[in-house]
Amino acid sequence: MDGKRSGLFIAAACLAALVAAPMARADDLPKLKEKPTYKVGFAQTESNNPWRLAQTQSMKDEAAKRGWQLVYTDANSSAAKQVADVDSMIAQHVDVIFLSPREEKPLIPAVMKAKKAGIPLFLIDRGVDPTLAKAGRDYVSFIGSDFVEEGRRAADWLVKKTGGTAKIIELQGTSGSSPANDRKKGFMEVIAKSPGMQIVASQDGDFTRDKGRQVMETLLQAHPEATAVFAHNDEMALGAITALEAAGRHPGKDITLVSIDGEKDGLQAIIDGKLGATVECNPRFGPGAFEAAADYAAGKKIEPIVVNKDHFYDSSNAAQSLAGSY
Ligand code: AHR
């Protein structure tokens, strides 16, 4: 086969695989009977920041509103415990599982075990490795934000704010989690177009305020020349602000910070002039997640990927958004 024909053959084979795979396998998904009420599991990854607390509250509120029984677990930042939590939900014969996977790869067994047990599973907020488990085939749907786009939006703002020149410290979210991987990807994609935007240091701050503070302290000592911070969430940005002030820096004046989430303390930091902007990542999953499960039981078509619409906060709108934040 010559080069042109083999290229055409590969392209046709890829197209056929793309078109055929989800359609052919969607029938493998566990079914959900229509019932007046359900017993649903929500496997939370951790409860160590306001975003997680708001997400859990939203799930509990929606379960109460509908009169559905909620089996709630908190994995305390352990992927192994989260897998065990899903095992326990399977043993308790829940009708549906909502999972916010801590990391992309270690939670694959949980997704596959639910499928094998005949329990429909929805990923909410975070994803799992798409090469190992697919939405619409191995689990019903992913419902959440577009994390790559969040990274792009943070970078777009920073490029404009700094005029395209910055020495950036990046505080990454939990290693191996989809928001950490994807936010970095989107951010890098945008700053790659501005040669003056340079990441001088990058480290895992595990999405927590205190770890963000500690990591910032260390990285700032090694890179006092830093002029910007990209934190993968507000909590780490707030930790970074504490570290910067302790080092005699003036966040918002001699160093520009951008982050992601839109929590109350983040908005307050914008109002105080310390945090420049934050891309919203909406944690209120309850109504959408339960609605998707009810629709699934009713036989309605569920999109394999449902993307949340997120706002953007800066000094122009932080004050008016504060009251509704978490
Ligand atoms: O997966 C979403 C991220 O996880 C949020 O940005 C963060 O605050 C949370 O811990």
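Nothing here was measured: the structure is a model prediction, and the numbers come from that model.

Calculation rules
Residues numbered from 1 in each chain as written. Predicted model: local features only at pLDDT ≥ 70, side-chain atom pairs only at ≥ 80, totals over all residues. Heavy atoms only, no water. Helix = DSSP H or I, 4+ residues; strand = E, 2+ residues; numbered from the N terminus. Expected span 1.5 Å × (residues − 1). Buried < 20%, exposed > 50% of the residue type's maximum accessible area, 1.4 Å probe, protein only. Contact = heavy atoms within 4.5 Å. Near = heavy atom within 4 Å. Polar contact = N/O pair within 3.5 Å; in protein donor to acceptor, adjacent residues only side chain to side chain. Areas by Shrake-Rupley, 256 points an atom, 1.4 Å probe, with all protein chains shown as cover. 1 Å grid on protein atoms, 1.4 Å probe; cavity = no way out; pocket = protein on both sides within 12 Å on 5 of 7 lines; lining within 4 Å. Sits in = over half its atoms within 2 Å of the grid points. Nonpolar A, V, L, I, M, F, W, Y, C, P; charged D, E, K, R; others polar. Points joined across faces, edges and corners; volume = space filled by probe spheres on them. Pairing = 2+ DSSP bridges. Lys, Arg positive; Asp, Glu negative; His and termini not counted. Salt bridge = Lys/Arg side-chain N within 4 Å of Asp/Glu carboxyl O.

Okay, helix H10 (residues 286-297) next. Between the first and last C-alpha of H10 there are 17 Å, a value that for twelve residues agrees with the 16 Å anticipated at 1.5 Å per step. Residues of H10 that are buried include every one of Gly-286, Ala-289, Phe-290, Ala-292, Ala-293, Asp-295, Tyr-296 and Ala-297, and no others. Contact partners of the buried residues in H10: strand S1 (39-44), helix H2 (50-66), strand S2 (69-74), strand S3 (96-99), strand S4 (121-124) and strand S5 (141-144).

Our focus in this paragraph is the site of the ligand. Residues in close proximity to the ligand include Asn-49, Trp-51, Arg-52, Asp-125, Arg-126, Phe-147, Pro-179, Arg-183, Phe-207, Asn-233 and Asp-261, which together make up its full environment. Here Asp-125 contributes a side-chain N or O atom positioned 2.6 Å from an oxygen atom of the ligand. At 2.9 Å from an oxygen atom of the ligand is found a side-chain nitrogen or oxygen belonging to Arg-126. When the ligand is considered free in solution it has 280 Å² of accessible area, and contact with the protein chains removes 100% of it. At a threshold of 2 Å from the grid points, most atoms of the ligand map onto the largest cavity. Of all the elements in the fold, those that place two or more residues in the shell around the ligand are H2 and helix H6 (178-191). Looking at the shell around the ligand residue by residue, the classes come out as four nonpolar, two polar and five charged.

In this model H2 runs 24 Å from its N-terminal to its C-terminal C-alpha over 17 residues, within 8% of the 24 Å that 1.5 Å per residue would give. Among the residues making up H2, those that are buried are Trp-51, Arg-52, Ala-54, Gln-55, Thr-56, Ser-58, Met-59, Glu-62 and Ala-63. Residue Asn-49 occupies the N-cap position of H2, its side-chain oxygen lying 3.0 Å from the main-chain nitrogen of Trp-51. Once H2 finishes, Gly-67 follows within two positions and takes phi at roughly 75°, a positive value.

Phi is positive for Phe-207, which is not a glycine, with a value near 65°. Within the element layout of this structure, Phe-207 appears in the loop between strand S7 (197-204) and helix H7 (209-222). Residue Phe-207 is classed as buried on the basis of its relative accessible area of 4%. Positioned with a positive phi, Asp-261 is a non-glycine residue whose angle comes to about 140°.

A few words on empty space enclosed by the protein. Scanning the model with the defined rule gives one cavity of 30 Å³ or more in all. The calculated volume of the largest cavity comes to roughly 110 Å³. Lining the largest cavity are 13 residues; nearest its centre among them are Trp-51, Arg-52, Arg-126, Arg-183 and Phe-207. Only H2 and H6 provide two or more residues apiece to the lining of the largest cavity. Taken together, the residues of the lining of the largest cavity break down into five nonpolar, two polar and six charged.

Turning our attention to the pairing of strand S10 (residues 277-280). Two faces make up the sheet, and in a regular strand the side chains alternate between them. Covered by surrounding structure in S10 are Ala-277 and Val-279 together with Thr-278 and Glu-280, the residues of both alternating faces. Where strand S9 (residues 256-261) and S10 come together, four bridges link them in parallel fashion. Considered in S10, the bridge of Asp-261 is made with Glu-280.

Okay, the side chain of Asp-74 next. When you line up the elements, Asp-74 lands in strand S2. Among buried charged residues, Asp-74 stands out as having no salt bridge; its nearest opposite-charge side chain is Lys-81, 6.3 Å away. Within the local environment of Asp-74, its side chain forms a polar contact with the backbone nitrogen of Asn-76, the two atoms lying 2.8 Å apart. If we skip the residues at most four places from it in the chain, Asp-74 touches Gln-44, Thr-45, Glu-46, Ser-47, Lys-81 and Asp-85.

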